[in-house]
Structure formats: structure tokens, C-alpha cells
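Observations on the model geometry
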Amino acid sequence: MTPVPTGTTGRRELRAWATRELAAAGCVSADAEADWLLSETRDPESLRAMVARRAAGEPLQYVIGWAPFGRLRLAVGPGVFVPRPETEGLADRAATRLRATPGPRTAVDLCTGSGAIACFLASEAPGTRVLATELDPGALAWARINADRYGVELLAGDLDAPLPAELAGRVDVVCANVPYVPSEAIATLPTDVRDHEPRLSLDGGPDGLGVFRRLAERAGHWLAPGGWLYCEIGEDQAEEAAAILTGAGLAEVAVHQDLVGRDRIVEGTFP
């Protein structure tokens with residue numbers, strides 16, 4: 001790494017230096033990342049440290065300590081899955097459904113990670129009781145920060161296991177961004193994802209749908225009549241995922257695309 005400019009160096013020179021360092025490290029959007037890092041630091045030495053972390057492969061969101069999700073600014077860092085823009089479509093569909101549901105309303109976000117979907121629902125569908133579950137202690141530390149800020153009830157445990165028994169048959173919306181990458185495909189992921197984000201949040205088993213099948217089997221236990229399930233899937237999993245939901249007794253099963261036109265969301269209602 002070349003020395004960071006110091007002294008009377010202005011923002012333009014710092015931006016040029018950071019862009020060069022990030023580009024040399026293989027960052028595809030080096031100029032945009034340089035701008036983001038510059039917006040998060042006030043002095044050249046702090047910038048040097050942040051650029052060094054990013055150039056070493058850490059996710060950009062870990063380096064700056066937060067990730068955008070819709071209108072939210074979520075705390076993230078080592079040990080948690082970074083929320084993606086692709087998931088915002090799922091959260092928005094669920095929030096729209098909740099706003100159209102007469103109160104009192106209840107929503108659940110399983111495998112919440114940083115709490116992104118749950119916090120989005122609490123923010124965009126005010127008056128909804130929102131619960132979230134997470135198994136990984138590393139992710140829970142970050143989810144707790146975000147859940148406390150947005151009034152989400154965070155529960156530690158696997159999938160639906162920690163949900164209160166009295167919610168059975170009473171949940172209006174269940175959301176989940178479960179792990180869906182096939183085990184053998186983990187090695188093909190970008191290095192910042194593969195080497196830094198928790199494998200537990202990525203690995204969906206041999207075909208990527210192992211956790212999804214468990215979710216489908218349990219959804220009807222929690223959903224109220226007319227309640228909806230929304231789940232993120234891999235772009236090549238739509239047909240199989242839809243069949244799994246139909247086989248689990250859900251109706252009106254449909255697949256929706258993400259921001260770039262890839263199959264990304266599968267939904268269904270409990271009749």
C-alpha cells in the first residue's frame with residue numbers, strides 16, 4: 001500500500017489515492033467505495049486504516065460499520081450476514097401486506113441475521129408486533145443493536161423454535177432469508193463473502209434448499225388463515241421452491257424477481 005497523502009492534501013487527492021488502492025486490490029467499484037469511505041472518516045490516518053481493511057478483503061459494510069436497507073441504516077460488522085438490496089423487495093412486499101391487514105398485526109422474521117427485514121417491517125408497518133429469530137451468536141450481537149432501535153422482539157434459537165407457543169395460527173406474515181447457497185457453490189462466492197460472512201448464513205445444504213424445506217413444513221403451524229409467507233431464494237431455485245410451498249399446503253404460490261430481473265422471492269398464503 002502506498003503512503004496516504006497527508007498535510008494540506010484535499011479531498012480530491014485523498015479520493016484519488018483511495019481509488020487507486022482499492023482498484024489495485026480488485027474492488028470493482030473502487031471510485032464509489034472510495035467516496036463512501038471518505039464520507040465516513042475525517043482524517044487521512046483513519047482513511048488509511050479503512051482502505052487497508054477493505055483492500056485486505058473485508059466487506060465494505062464491515063469497514064464502515066453499517067449497511068443501508070431501504071430507508072434504514074443498520075449496524076453490521078464481523079460475524080453477521082450483510083443485508084443486500086435484493087432483499088429489500090421481499091421486505092417491501094411483506095410490509096405492504098401488513099399495512100393492508102387490519103390490526104392487531106403480527107409478523108415474524110426467521111434467520112434474521114442483522115435484523116434487516118424485521119426492522120424494516122417495524123419501521124414501514126407501524127403498529128405491527130414484529131418478532132425475529134437468529135441462531136448464530138455472532139449475528140445476534142448485531143441484530144440486538146438494530147432490534148433495540150426499532151422495537152423488534154429478538155429471540156435466540158433455530159428457525160421457529162424460539163417463537164412463543166401462543167402465536168401458533170396467529171401470525172399474519174412470516175418472512176425468511178434462509179441460507180440458500182448449495183454447499184459446493186460456497187467456494188465460488190466472492191472472496192469478501194466467502195471468507196468473511198458467516199457460513200451458517202450462506203450454506204443451504206446439498207441443493208441449497210435444506211433450510212427452506214424445514215421452513216415450508218413449519219409455516220402453516222404459525223400462519224393465521226390468510227397469512228402470508230415470503231422467502232428469498234436463489235435465482236435458479238424458483239420452480240423447486242414453488243413446488244415445495246405448494247406441497248406444504250400453501251396457496252396462491254408465486255415467484256417475483258429482484259431489482260435486476262432474477263427470480264428472488266417466493267410467496268404463498270395459508271388458506
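Small disclaimer: the values here were computed from a predicted structure and weren't measured. Within every chain, residues take consecutive numbers counted from 1 along the sequence as written. Totals for whole chains, interfaces and linings use all residues, but because this is a predicted model, local features are given only for residues with pLDDT of at least 70 and pairs of side-chain atoms are given and counted only at 80 or more. As a rule here, side-chain values cover all heavy atoms of the structure and leave hydrogens and water aside.

1. Section: the overall build of the protein
Basically, it comes down to this: Every helix listed is a DSSP run of H or I at least four residues long, and every strand listed is a run of E at least two residues long, numbered separately from the N terminus. Note on classification: 1.4 Å probe, protein chains only; a residue is buried when its accessible area is under 20% of the maximum for its type, exposed when over 50%, partly exposed between these limits. What makes two residues a contact is simply this: any of their non-hydrogen atoms within 4.5 Å. Counted as positive: Lys and Arg. Counted as negative: Asp and Glu, with His and the chain ends omitted from the count. Note that the charge is assigned to NZ on lysines, CZ on arginines, CG on aspartates and CD on glutamates.
Along its length, the protein carries 10 helices and 9 strands. Within the span of the protein, comprising 271 residues, buried residues form 51% of the whole. Intrachain contacts of the protein at a sequence separation of at least 6 include 61% that bridge at least 24 residues. Distance between charge centres in the protein, computed from 26 positive and 38 negative side chains, equals 6 Å.

2. Quick notes on empty space enclosed by the protein
Selection rule: Grid points spaced at 1 Å and placed over the protein atoms alone form the basis of the search, with a cavity being a set where a 1.4 Å probe fits but cannot get out and a pocket an open set showing protein on both sides within 12 Å along at least five of seven lines. Lining residues have an atom within 4 Å of a point. Grid points are joined across faces, edges and corners, and a volume is the space filled by probe spheres set on the points.
All chains considered together, the criterion is met by 1 cavity of 30 Å³ or more. Each pocket or cavity is described by its volume, and for the largest cavity that value is around 50 Å³. Together, Val108, Leu110, Leu159, Asp160, Leu163, Val174, Leu215, Arg218, Ala219 and Trp222 line the largest cavity. Of all the secondary-structure elements, those providing two or more residues to the lining of the largest cavity are strand 3 (105–110) and helix 9 (210–222). It is helix 9 that provides the largest number of residues to the lining of the largest cavity, a total of 4 residues.

3. As for unusual backbone geometry
Gly103 connects to Pro104 through a cis peptide bond whose omega is -5°. Structurally, Pro104 can be placed in the loop between helix 5 (88–99) and strand 3. If you check the backbone angles, Cys111 has positive phi at about 55° while not being a glycine. Examined against the element boundaries, Cys111 turns out to sit in the loop between strand 3 and helix 6 (116–124). Within the chain, Glu252 stands out as a residue other than glycine whose phi angle is a positive 50°. Considering the arrangement of structural elements, one finds Glu252 in strand 8 (residues 251–257). Using a relative accessible area of 58% as the deciding quantity, one classes Glu252 as exposed.

4. Here's the deal with the sheet that holds strand 5 (residues 153–156)
To keep things clear, this is the line we draw: DSSP bridges decide pairing: two strands pair if at least two such bridges lie between them. Comment: axis = line fitted to C-alpha atoms, over the contacting stretch for helices; angle = value between 0 and 180 degrees taken between N-to-C directions.
Taken together, 7 strands build an open sheet; the order of strands is 5-4-3-6-7-9-8 and the sheet is mixed. Of all the strands in the sheet, the pair left with one neighbour each is strand 5 and strand 8. Ignoring which end each strand starts from, the neighbouring axes of this sheet average 15° apart. The sheet strands contacting helix 7 (residues 137–150) are strand 4 (128–134) and strand 5, and the helix crosses strand 5 at an angle near 165°.

5. A few points about the side chain of Glu197
What counts is decided by this rule: Within 3.5 Å is the distance limit for a polar contact, defined as a pair of N or O atoms, with the added protein rule that one can donate a hydrogen and the other accept it, and that residues adjacent in sequence qualify only through two side-chain atoms.
Tracing the sequence through the fold places Glu197 in the loop between helix 8 (191–196) and helix 9. Glu197 sits in the buried class, given a relative accessible area of 5%. In terms of polar contacts, Glu197 uses its side chain to reach the backbone amide nitrogen of Val82, at 2.9 Å. Among residues more than four places away in sequence, those in contact with Glu197 are Pro59, Tyr62, Val80, Phe81, Val82, Arg84, Asp192 and Leu202.

6. What about the pattern of salt bridges?
Note the threshold: Whenever Lys or Arg places a side-chain nitrogen within 4 Å of a carboxyl oxygen from Asp or Glu, that contact is recorded as a salt bridge.
Taken as a whole, this structure holds 18 salt bridges when the rule is applied. The salt bridge involving Asp203 is made with Arg199; its shortest N-O contact spans 3.1 Å. Given a relative accessible area of 21%, Asp203 falls into the partly exposed group. One salt-bridge network, in which partners are shared between bridges, spans Glu33, Arg54 and Asp192.

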